[in-house]
Amino acid sequence: MAKFCNYASVEDPGTPDMDQGAAVSETKDSNGNLLADGDSVTVIKDLKVKGTSETLKRGTLVKNIRLTGKPDEIECNTKKVKGLVLKTTFLKKA
């Protein structure tokens, strides 16, 4: 089961991945720039991660993002937290 909060969540490693054939709609950052798999993004606001005591600070660079089936969410890993799902409204393309 995934752990969720207002801004970020940590996925349970047992969660199955999306089907490869699923259509992915356009995913845009807070400035309206299109995001693609493998892009790097920067966090524009301090985000508390529910289920951990960690906070992603503003300016944190997140590399090698993965798009999800939802246009307002991406999956990523940071140095502190693995398996994060972040809302694109709090990100800008690096």
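Being a predicted model, the structure only gives us computed values, none of them experimental.

K.L.:
Any chance you could explain the overall build of the protein chain here in plain terms?
P.N.:
Looking only at helices and strands, one finds zero helices and nine strands in the protein chain. The linear arrangement of helices and strands in the protein chain, starting from the amino end, is β-β-β-β-β-β-β-β-β. Burial statistics for the protein chain: of 94 residues in total, 30% are counted as buried. Long-range pairs, those at least 24 residues apart, make up 56% of the contacts in the protein chain with a sequence separation of at least 6. About 6000 Å² of surface is accessible on the protein chain, with carbon and sulfur atoms providing 49% of the total.

K.L.:
I keep staring at the environment of Ser30 and nothing clicks. Help me out?
P.N.:
Residue placement: Ser30 occurs in the loop between β1 (8-10) and β2 (41-43). What makes Ser30 partly exposed here is its relative accessible area of 33%. A C-alpha to C-alpha distance of 5.7 Å links Ser30 and Lys92, two positions 62 residues apart in sequence. What Ser30 contacts, discounting residues up to four positions off in sequence, is Ile44, Thr88, Thr89, Leu91 and Lys92. Separated by 2.9 Å, the side chain of Ser30 and the backbone oxygen of Leu91 make a polar contact.

K.L.:
Help me understand the sheet that holds β2 in this model?
P.N.:
What holds strands together in a sheet is hydrogen bonding between their backbones, with the strands either parallel or antiparallel. Taken together, the three strands give an open sheet; going across it, the order is β5-β2-β9, and neighbouring strands pair in antiparallel fashion. Edge strands, defined here as strands with exactly one partner in the open sheet, are β5 (61-62) and β9 (91-93). As paired strands, β2 and β9 are joined by three bridges and run antiparallel to one another. For Val43, the partnering residue across the bridge sits in β9 and is Leu91.

K.L.:
Whenever I open this one, the environment of Leu56 confuses me. Can you help?
P.N.:
Following the sequence through the fold, Leu56 ends up in strand β4 (residues 55-56). Relative accessible area serves as the criterion here: at 4%, Leu56 is assigned to the buried category. With sequence-adjacent residues up to four places away left out, Leu56 is seen in contact with Val43, Lys45, Asp46, Leu47, Val49, Thr78, Leu84 and Leu86.

K.L.:
Would you mind going over the side chain of Glu73 with me for this structure?
P.N.:
Here Glu73 is to be found in strand β7 (residues 73-76). Using a relative accessible area of 15% as the deciding quantity, one classes Glu73 as buried. Once residues within four sequence positions are removed from consideration, Glu73 is found in contact with Thr27, Thr68, Val85, Leu86, Lys87 and Thr88.

K.L.:
Sorry if this is basic, but what is going on with the pairing of β7 here?
P.N.:
Walk down a regular strand and you will see the side chains alternate between the two sheet faces. In the sheet, strand β6 (residues 66-67) pairs with β7 via two bridges, with the strands oriented antiparallel. Each residue of the ladder has a partner; that of Arg66, found in β7, is Glu75. Connecting β6 to the antiparallel partner β7 that follows it, the hairpin turn spans five residues. Summarising the sheet, β7 and strand β8 (residues 84-87) pair through four bridges and their orientation is antiparallel. Bridging across to β8, Ile74 finds its partner in Leu86.

What counts as what
- Residues numbered from 1 in each chain as written.
- Predicted model: local features only at pLDDT ≥ 70, side-chain atom pairs only at ≥ 80, totals over all residues.
- Heavy atoms only, no water.
- Helix = DSSP H or I, 4+ residues; strand = E, 2+ residues; numbered from the N terminus.
- Buried < 20%, exposed > 50% of the residue type's maximum accessible area, 1.4 Å probe, protein only.
- Contact = heavy atoms within 4.5 Å.
- Areas by Shrake-Rupley, 256 points an atom, 1.4 Å probe, with all protein chains shown as cover.
- Polar contact = N/O pair within 3.5 Å; in protein donor to acceptor, adjacent residues only side chain to side chain.
- Pairing = 2+ DSSP bridges.

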